[in-house]
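Observations on the model geometry
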2 protein chains.
Amino acid sequence: MIELEAGGGVPLYEQLYRQLAEEIRSGQRAAGTPLPGRRTMAGELGVSVNTVDTAYQMLAAEGLARARPRSGFYVQETGGMLRPAAAPAPAPAPAPAPQARYDLSTGSIDTELFPARSWGRIQKELLYQAPELLQRGESQGDRALRVQIAAHLAAYRGVACTPEQIVVGAGIEYLLGCLAHLLAGSVAAIENPGYARSRVVLENSGLPCRLVDIDGQGLPVTGLEASGANVCYITPSHHFPTGVTMPAPRRAQLLQWAAAAPGRYILEDDYDSEFRFTTRPLPSLQGMAGPQGPVVYLTTFSKSLAPGIRIACMVLPQDLLARYRREFALYSNTVSRFEQQTLCRFIETGMFARHINRMRLAYKRRMESFAAALRRELGPRLQLGGAHSGLHFLLTLPGAGGEAAMVRAAAAESVQLRGLSGYYMAHAEACPPDTVVAGYAALRSGDIPAVAQALGRAWGGAV
Amino acid sequence: MIELEAGGGVPLYEQLYRQLAEEIRSGQRAAGTPLPGRRTMAGELGVSVNTVDTAYQMLAAEGLARARPRSGFYVQETGGMLRPAAAPAPAPAPAPAPQARYDLSTGSIDTELFPARSWGRIQKELLYQAPELLQRGESQGDRALRVQIAAHLAAYRGVACTPEQIVVGAGIEYLLGCLAHLLAGSVAAIENPGYARSRVVLENSGLPCRLVDIDGQGLPVTGLEASGANVCYITPSHHFPTGVTMPAPRRAQLLQWAAAAPGRYILEDDYDSEFRFTTRPLPSLQGMAGPQGPVVYLTTFSKSLAPGIRIACMVLPQDLLARYRREFALYSNTVSRFEQQTLCRFIETGMFARHINRMRLAYKRRMESFAAALRRELGPRLQLGGAHSGLHFLLTLPGAGGEAAMVRAAAAESVQLRGLSGYYMAHAEACPPDTVVAGYAALRSGDIPAVAQALGRAWGGAV
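For the structure given in this document, a descriptive report is provided here. Model, not experiment: these values are computed from the prediction.

Rules used in this analysis
Residues numbered from 1 in each chain as written. Chains lettered and ligands numbered in written order. Predicted model: local features only at pLDDT ≥ 70, side-chain atom pairs only at ≥ 80, totals over all residues. Heavy atoms only, no water. Helix = DSSP H or I, 4+ residues; strand = E, 2+ residues; numbered from the N terminus. Expected span 1.5 Å × (residues − 1). Buried < 20%, exposed > 50% of the residue type's maximum accessible area, 1.4 Å probe, protein only. Arc of directions from axis to C-beta. Contact = heavy atoms within 4.5 Å. Pairing = 2+ DSSP bridges. Axes fitted to C-alpha atoms, helices over the stretch in contact; angles between N-to-C directions. Buried area = accessible area lost by both parts, 1.4 Å probe. Salt bridge = Lys/Arg side-chain N within 4 Å of Asp/Glu carboxyl O. Polar contact = N/O pair within 3.5 Å; in protein donor to acceptor, adjacent residues only side chain to side chain. Least-squares fit on C-alpha atoms with pLDDT ≥ 70 in both. Phe/Tyr/Trp six-rings, centres within 6.5 Å; stacked < 30°, edge-to-face > 60°.

What follows is about helix 4 (residues 116-129) of chain B. Over its 14 residues, helix 4 of chain B runs 20 Å from end to end, which matches the ideal 20 Å to within 8%, given 1.5 Å per residue. When we look at burial in helix 4 of chain B, the residues that qualify are B:Ala116, B:Trp119, B:Gly120, B:Ile122, B:Gln123, B:Leu126 and B:Leu127. Projection of helix 4 of chain B onto a plane perpendicular to its axis shows the buried side chains occupying an angular sector of 165°, all on one side. Opposite the packed face of helix 4 of chain B, turned more than 90 degrees from it, sit the exposed residues B:Arg117 and B:Gln129. Tucked into the core, helix 4 of chain B has its buried residues touching helix 4 (116-129) of chain A together with helix 12 (337-348) and helix 13 (351-378) of chain B.

Following this line, the structure appears as structure tokens:
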């Protein structure tokens, strides 16, 4: 029995639709039976034909009823194509990896080193004193922040740029997506092994990628030439994940390659260059090429601040900058202005530089004590690679049964780490044997002996 | 005179390179003259040939020197191709529009309504109590936030979804870019007039767009069919910028269109549905279609919180969700986890619902008092359109000299607003005459009489 209530806030067609839908779902109206004619129904309920028609069309749109030409509406045989009576089970989220007690994966940081007090104080001041930050900001990022970043990158990474060349974005992945669009029609060479994520982003964004096997100095120009690519994406400061630092002659060769033809670009991902423990870091390739050189410099604050705070930036040469401004003029920036301006003050006041120094020292000590503990437990067979910088190293242990067995045995001792071959996107047969990647950034100092002992048990101990 | 200092921290090749570069730039070494042979130079300086070679290659990479086959290196004639002696003028940033005293553009909000105290308190608590938020979060956004958003959208917008279907991102533009990739190979119909920004984002991301002229009920299905598109992007709650609310029968027709062939989708941008002042809002099209329906629901917190805080979300049907998880599995979320979790608690504690109610009331009063003031100043010729919802209305004044003259005259009185025809991406000749778009969200209550008087002076006053 359908009852409609006029003036109750719910439109009549909506009331009629809801009651009919309920009757169909509950089976009161059987599949295949006709609904009353529109005029009949309108007359019975004292509403307009239009009201009934709207309700019937809504039922049809939901798959609860079906119109037959010159015959009216029928209850749908399938009983609701678009909204089944029983809601389907929600798609299961990708299963999270079981939580190991000790996490040696890359990409985490030590949250205790985060300057929560200073960061929080600036954030609070801005919230109360700078309500204008609630409004939309500049598309490339707030200029004040870009000024600070330009000065910081010049001082610490030898990057040669003006604030105008900087684009701030919510992560390197977002910026790589923009770049891929600016470079439409190009082909990118990427390092193998390397960052699978960057490859996926570039390809998803329409930039086909060719894998080029690295050698002991990083991406070789011969391989790059052979790939036919006109763009290359590299991590010259600290190759991910092997830790190779590209020496100056190789850098010069790459710049010569880029200068040899128009439309060639180098995308320099300087993702964790803050953490270099032994020698003075080489300045960025971008700085070597100069502000008009064919290098796009990319860096992230994920390591130097926190992965949960999404701020990254890129430095564009003038031609790509002009293209960026044409194509992305209408885009809003993707980073919260409060976090942009908090970072801005953090750099401006010198807190960021001090924070990086403090972190570098803390991570260096951790690396050294972890390496020492591992040597004690695993003996002289152990080789550590790429430990001079970054927040992870390569750990090679001949005689421990091979990479896969090492990873399994570590997991059995509740230590999570990845084999090096997992970073090969092709030619995994060329992967150095018996080698895993161990990140130590999130490792508590107090846990170091226990982790080393666990790996000692896992891999057979010192020989 | 070149002098190298061993063991000084700067590699020898770098020292040599810098001194030679300086000599070339200063003109001490003239263009076209040869550099000393590598062996000669190495012998003179007491360094290896390799060191000299690296320095020469670096000069060549910078365009300061040039290698001639079988002849050695020469100072480049052009004097530095890649890093000119004088840095080029930085690219000028796009000229900002001159600041008008009264800003009636759309897209701003009243910052005084922002709940800075509550927001700041939650943010501070999280910073001190939840250091785990510094680490990387879930790709689709933190689950706790997605649970809150799903409940909020169900209660306020009739959206039918599970938290698993929600993807959080740094702005609708970012999410539209992701969607365009998921819908690769499709063609999208978009409303004309409409959001130029959405069109640019979709097309930049590889989804070609066809313009479909709206009628008094929004996007017509006939036009949609004629466009050949299989996707349509619409603003059914409150068409931008005309304010048309799509009535239920038209919604039903669109859902029927979408159900009539596989691969058809409706992208429902519900950008400012919180602000509806008169009638109860129609529930979302997504809710009408059901959780498995072919509708992607998009909304932003730019209006309900602030444009400077970049949080938006989309609700994906299962098939697109499965594709999203395949294609974007490796992507990091683009929203800071602190802001995600601040919003989460803000919704969870009921503060968000109260905040929206408070804002709705404040904006309704502002709209009414602005409309009354305009009627006083501009007389009975004035027509206001689309004032029942949203944060702007259309203002039509026959006899005021036409749209362009109205915008110019307003600007001369320091009132910034845009003509309606500016939102037409084609067929601007169909634009209603004498009509401008006036946003009132950022208008201070105390300024309303002055703005109305300024427009009265600009447009000839009451007749």
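So, about the sheet that holds strand 14 (residues 418-419) of chain A. Residues and elements named next belong to chain A. Taken together, the 4 strands give an open sheet; going across it, the order is 11-12-15-14, and neighbouring strands pair in antiparallel fashion. Where the open sheet ends on each side, the last strands, each with one partner, are strand 11 (383-385) and strand 14. Strand direction decides the pairing type here: strand 11 and strand 12 (residues 392-396), joined by 3 bridges, are antiparallel. Within the sheet, the bridge partner assigned to Gly385 lies in strand 12 and is Leu394. Relative to strand 12, helix 13 (residues 351-378) is tilted by about 10°, and along the sheet it contacts strand 11 and strand 12. Against the sheet, helix 14 (residues 403-412) makes contact with strand 12, strand 14 and strand 15 (435-439), and its axis sits at roughly 40° relative to strand 15, the strand it touches most.

Here the focus is the interface of chain A and chain B. Taken together, the 86 residues of chain A in the interface contact 86 residues of chain B. Note on chain A versus chain B: buried area summed over both sides is about 7100 Å², and carbon and sulfur give 59% of it. Linking chain A with chain B are 0 salt bridges. Across the contact surface, chain A and chain B share 20 residue pairs in polar contact (both at pLDDT 80 or more).

As a further point, take helix 7 (residues 196-204) of chain B. Residue and element names in this part refer to chain B. Burial in helix 7 covers these residues: Ser198, Val201, Leu202 and Asn204. Each buried residue of helix 7 sits inside an arc of 170° when the element is viewed along its axis, so together they form one side. Within two residues after helix 7, Gly206 carries a phi angle of roughly 95°, on the positive side.

Attention now goes to the relation of the copies chain A and chain B. One copy of the chain maps onto the other through a rotation about an axis followed by a shift along the same axis. With an axial shift of 0.1 Å and an RMSD of 0.1 Å, the rotation relating chain A to chain B amounts to 180°. Interpreted geometrically, this transformation is the action of a two-fold axis. Interface residue correspondence from chain A to chain B reaches 100%, placing this contact among same-surface, isologous pairings.

Turning to the packing of aromatic side chains, a few remarks are in order. Residue and element names in this part refer to chain A. Under the definition given, this model contains 29 aromatic pairs over all chains. A centroid spacing of 5.7 Å and a plane angle of 20° characterise the contact between Phe370 and Phe393, whose relative ring orientation is stacked. You can see Phe370 sitting in helix 13 and its partner Phe393 sitting in strand 12, a full 23 residues away along the chain. Among the aromatic residues, those joined into a ring-pair cluster are Phe114, Trp119, Phe301, Phe346 and Phe352.

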